[in-house]
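Survey of secondary and tertiary structure
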Amino acid sequence: AAEVRAFDGVRLLVARAMAASPSFDLDQSNFREVAAVCSRLEGWPLAIELAASQLRSLTPAQLLETLDDRLALCSKDPATIARHTSLRAVIGWSWELCEPAARTLWQRASPFADGFDLDAARQVCSDERLPSEEIWRVMDSLVSNSILVATRGPSSLRFRFLETVRQFGREQLDLSAERVHYDRRHRDYFRSMTADAARAWDTAEQTASIRKIRAEKANITRALGWSLATPGEEEAGLEIAAHLRYHWAIDGSIRDG
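All of these numbers come straight from a predicted model, not from anything done at the bench.

Cut-offs used in this document
Residues numbered from 1 in each chain as written. Predicted model: local features only at pLDDT ≥ 70, side-chain atom pairs only at ≥ 80, totals over all residues. Heavy atoms only, no water. Helix = DSSP H or I, 4+ residues; strand = E, 2+ residues; numbered from the N terminus. Pairing = 2+ DSSP bridges. Buried < 20%, exposed > 50% of the residue type's maximum accessible area, 1.4 Å probe, protein only. Arc of directions from axis to C-beta. Contact = heavy atoms within 4.5 Å. Salt bridge = Lys/Arg side-chain N within 4 Å of Asp/Glu carboxyl O.

Before going further, it helps to examine unusual backbone geometry. For S146, which is not glycine, the phi dihedral falls at a positive 65 degrees. Topologically, S146 is positioned in the loop between α8 (135-144) and β1 (149-152). If you check the backbone angles, D202 has positive phi at about 65 degrees while not being a glycine. Looking at the element boundaries, D202 is found in the loop between α10 (179-200) and α11 (206-215).

Have a look at this one:
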């Protein structure tokens, strides 16, 4: 066990497993299975984190068995699985283990670029199937399972998917009948934000508005790009560009504008 603990991947898995289940530890009874999990995932940190979160309810031996079953479905030669195949297999496995509400939020939040806050998730992702008051609980479960990453900003928590995880959720949304609907809701949320920013210019709210627009640059860029690339949505994209006229000219973004 002491020799196995010297490897970075094992230390990461143990740390994440202990965060999920404080009673977990690496010892002589489980070190072989822990080492095998890290080996099967070829040391990829994201894959290890996703797998480690399942040690709240599985033993290392059970985790290895279910992981082997999952990986075997993705390759004719499991002994030589490419790294990206291993990672996609673990992400798909995590998807299958999520409750339906968590899968729904994972899909619907995939249009966000470079993160979002709780208000954005409630505005964009909620409906009668996923009520606004349930969003926080579901986001918390995704954070607990290492699907979402939470970071504390100056005034609130911000959440983001690692890009591979976001892309997986996006693929699931693309396969559904809701893709355009949630792309449009994402765009409308940031169209409203940019309209508020235009109204706030030269008022007491200007500084706070500038900070918000800067923080959401990637999302606003995505909303603009989607609008201008989607037939029938171009006018909304032009509205966003017009709302940002002061920002383009004065806030150091004239080249973007």
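Two elements, β1 and strand β2 (residues 157-160), share four bridges in a ladder whose sense is antiparallel. Within β2, the position partnered with T151 by the bridge is R158. Taken together, β1 and the strand that follows it, β2, pair antiparallel across an intervening segment of four residues.

With that settled, the discussion passes to the environment of L142. Residue position: L142 is located in helix α8. Linking L142 and L105, residues 37 residues apart in sequence, is a C-alpha distance of 9.0 Å.

It is worth spelling out α8 at this point. Because each turn of an α-helix spans 3.6 residues, side chains separated by three or four positions end up pointing in the same direction. Listed as buried for α8 are I135, V138, M139, S141 and L142. End-on, the buried residues of α8 take up no more than an arc of 155 degrees, which puts them together on one face. Of the surrounding elements, those touching the buried residues of α8 are α6 (100-108), α7 (118-125) and β2. Positive backbone phi, at 65 degrees, marks S146, one or two positions downstream of α8.

Turning next to the pattern of salt bridges. The tally for this structure, following the rule as stated, stands at 21 salt bridges. With its nearest N and O atoms 2.8 Å apart, the salt bridge here joins E163 to R166. Of this pair, E163 and R166 both sit in helix α9 (residues 163-175), separated by three residues, roughly a single helical turn. Residue R184 pairs with E233 through a salt bridge whose shortest N-O separation is 2.7 Å. One end of the pair, R184, is in helix α10; the other, E233, is in the loop between α12 (217-229) and α13 (234-243), with 49 residues separating them in the sequence. The buried category is assigned to E233, whose relative accessible area is 10%. Each of R184, R187, D188, R191, E233 and E239 takes part in one network of salt bridges that share partners.

The residue E216 is located in the loop between α11 and α12 in this model. According to the relative accessible area criterion, E216 is buried, its value standing at 5%. With near-sequence residues (within four places) excluded, E216 lies in contact with G115, R158, F190 and M193.

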